[in-house]
Amino acid sequence: MIGPVALGAQPRSGDPVRGLALLSAFRDSLPAYSGNGLRCVSCHLENGTRGRAMPWTATLSRYPRYRSRPGYEETIERRINECIARSLAGKMLHEDSREMRDMVAYIATLNGRPRHDRVDTVKLAGSVTRGRQGYAASCARCHGGEGQGMPALNAPAVWGRGSYSIGAGMARQFTLATFLKHNMPFDGVDTLSAQRAADIAAFVLSKARQDHPGKERDWPRGDPPADVAYATTAARRTGKPLPPPRPLLTRRVSPDSLPR
């Protein structure tokens, strides 16, 4: 078991081989920091190299960068921690820990690769009813009839306690629909149209998942994207339309080990 390392206890350089191992088996490597059954590579497919699946190629050179969700300039370490807290429903690492440096070191090995072109975003409303049928036909064989995932197939849970929190990017309708359209089904048995992907996304996102404490502070300038899954304080203040509430599950672990 790998535990957190105190600040300054290790040299600043990281081990990319160990970093990939952490990204590939986060829960097994860092169980105290994991809040669900996902791995980093559950979404960043092919070890972060698949161009249609939020690749890590040429990522390191883009940070620090301003991001509207937190409303400040993020370092790559903070960005990774946000994914841990939101997508893995876990607890943030010390940003100068050995584990963090190792993960950054792996991502750095992809920095010389060209950044892939953005894929076309699926900005369609989805039907939960049609999505239920589409999920049963295209997704349940790997992700399970109850969205629980199938570890033997490396197929993650897509709702429930084993899946990403409501604060994750994948909890947004357009983000999930776009990912489905360009990457699923993983076995390539069929191809999803944009509408079918939107319908399945709507169905999956209608299901309960873990909460993300502090999500109301997101997009502090009042500029949340149209498909954000939850209301924010700034959106309420500026009179923006608010999304309907979604079913939430109690958080397994607290996300914060760092001040926000």
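Here the structure is a predicted model, which means the values were calculated and not measured.

Turning our eyes to something else, we now look at the overall build of the protein. What the protein contains, in helices and strands, is 10 helices and 4 strands. Starting at the N terminus and walking to the C terminus, you meet the elements of the protein as α-α-α-β-β-α-α-α-α-α-α-β-α-β. Computed over C-alpha atoms, the radius of gyration of the protein comes to 18 Å, within 12% of the 18 Å expected from 2.2 N^0.38 for 260 residues, which places it in the range of a compact globule. Along the three orthogonal principal directions, the C-alpha set of the protein runs to about 55 × 45 × 35 Å. Within the span of the protein, comprising 260 residues, buried residues form 47% of the whole. Surface summary for the protein: the accessible area is close to 12,200 Å², and the carbon and sulfur share equals 54%. Here the protein carries 39 positive and 23 negative side-chain charges, and the mean point of each set is 4 Å from the other.

Now for unusual backbone geometry. In this chain, Tyr63 is followed by Pro64 through a cis amide linkage whose omega measures 0 degrees. Considering the arrangement of structural elements, one finds Pro64 in the loop between helix H3 (45–48) and strand E1 (65–67). Backbone torsion omega between Met184 and Pro185 reads -5 degrees, so that peptide bond is classified as cis. Looking at the element boundaries, Pro185 is found in the loop between helix H8 (173–183) and helix H9 (194–205). Of note, Asn47 is a non-glycine position whose phi angle comes to about 55 degrees, a positive value. With respect to the helices and strands, the residue Asn47 is situated in helix H3. By relative accessible area, which is 30% here, Asn47 ends up partly exposed. Backbone geometry places Asn154, a non-glycine residue, at a positive phi of 55 degrees. Its location among the elements puts Asn154 in the loop between helix H7 (140–143) and H8.

The subject of this paragraph is the pattern of salt bridges. If you walk through the whole model with that rule in mind, you get 14 salt bridges. For Arg69, the salt bridge identified is with Glu82, shortest N-O distance 3.9 Å. Linking Arg69 in the loop between E1 and strand E2 (72–74) with Glu82 in helix H4 (residues 76–86), this pair joins segments that are 13 residues apart in sequence. A salt bridge links Asp102 to Arg98; the nearest nitrogen and oxygen atoms lie 3.8 Å apart.

Let us now look at helix H6 (residues 128–138). For H6, the full list of buried residues reads Gly131, Gly134, Tyr135 and Ser138. End-on, the buried residues of H6 take up no more than an arc of 105 degrees, which puts them together on one face. Residues of H6 that are exposed and point over 90 degrees away from its buried face: Gln133 and Ala136. Looking at the packing, one finds that the buried side of H6 touches H7 and H9.

All right, on to the packing of H4 against helix H5 (residues 98–109) then. The angle between the axes and the distance between the axes are what describe a pair of packed helices. Where H4 contacts H5, the axes come no closer than 10 Å and their chain directions differ by 105 degrees. Classified by the angle their axes make, H4 and H5 are roughly perpendicular. Residue-level inspection shows Ile76, Glu77, Ile80, Asn81 and Ile84 of H4 in contact with H5, the latter providing Met100, Met103, Val104 and Ile107. Tallied by class, residues from the contact of H4 with H5 come to 7 nonpolar, 1 polar and 1 charged.

In this section: the packing of helix H1 (residues 16–24) against H5. Two elements in contact, H1 and H5, have axes separated by 7 Å at closest approach and are oriented at 100 degrees. It follows from the interaxial angle that H1 and H5 lie roughly perpendicular. Here Pro16, Arg18, Gly19, Leu20, Leu22 and Leu23 of H1 come into contact with H5, specifically with Arg98, Glu99, Asp102, Met103, Ala105, Tyr106 and Thr109.

Moving on to the confidence of the model for the protein. Residues at a pLDDT of 70 or more form 93% of the protein, whose mean pLDDT is 92. The low-confidence segment residues 1–11, where pLDDT is below 50, has 21 contacts with residues more than four positions distant or belonging to other chains.

Here we come to the nonpolar core. Counting residues in each nonpolar core, the largest one holds 47 residues, and the members touching the most others are Trp56, Ile80, Tyr135, Tyr164, Leu176, Leu180 and Val204. Of all elements in the fold, only H1, H4, H5, H8 and H9 reach the threshold of two or more residues within this core. The element that contributes the greatest number of residues to this core is H9, accounting for 7 residues. With residues near it in sequence (within four places) discarded, Ile80 still touches Met100, Met103, Val104 and Ile107.

Criteria and thresholds
Residues numbered from 1 in each chain as written. Predicted model: local features only at pLDDT ≥ 70, side-chain atom pairs only at ≥ 80, totals over all residues. Heavy atoms only, no water. Helix = DSSP H or I, 4+ residues; strand = E, 2+ residues; numbered from the N terminus. Rg over C-alpha atoms; globule rule 2.2 N^0.38 Å. Buried < 20%, exposed > 50% of the residue type's maximum accessible area, 1.4 Å probe, protein only. Areas by Shrake-Rupley, 256 points an atom, 1.4 Å probe, with all protein chains shown as cover. Lys, Arg positive; Asp, Glu negative; His and termini not counted. Charge placed at Lys NZ, Arg CZ, Asp CG, Glu CD. Salt bridge = Lys/Arg side-chain N within 4 Å of Asp/Glu carboxyl O. Arc of directions from axis to C-beta. Contact = heavy atoms within 4.5 Å. Axes fitted to C-alpha atoms, helices over the stretch in contact; angles between N-to-C directions. Parallel < 35°, antiparallel > 145°, perpendicular 65-115°, else oblique. Nonpolar A, V, L, I, M, F, W, Y, C, P; charged D, E, K, R; others polar. pLDDT = per-residue confidence, 0-100. Core = buried A, V, L, I, M, F, W, Y, C linked by side-chain atoms within 4.5 Å.

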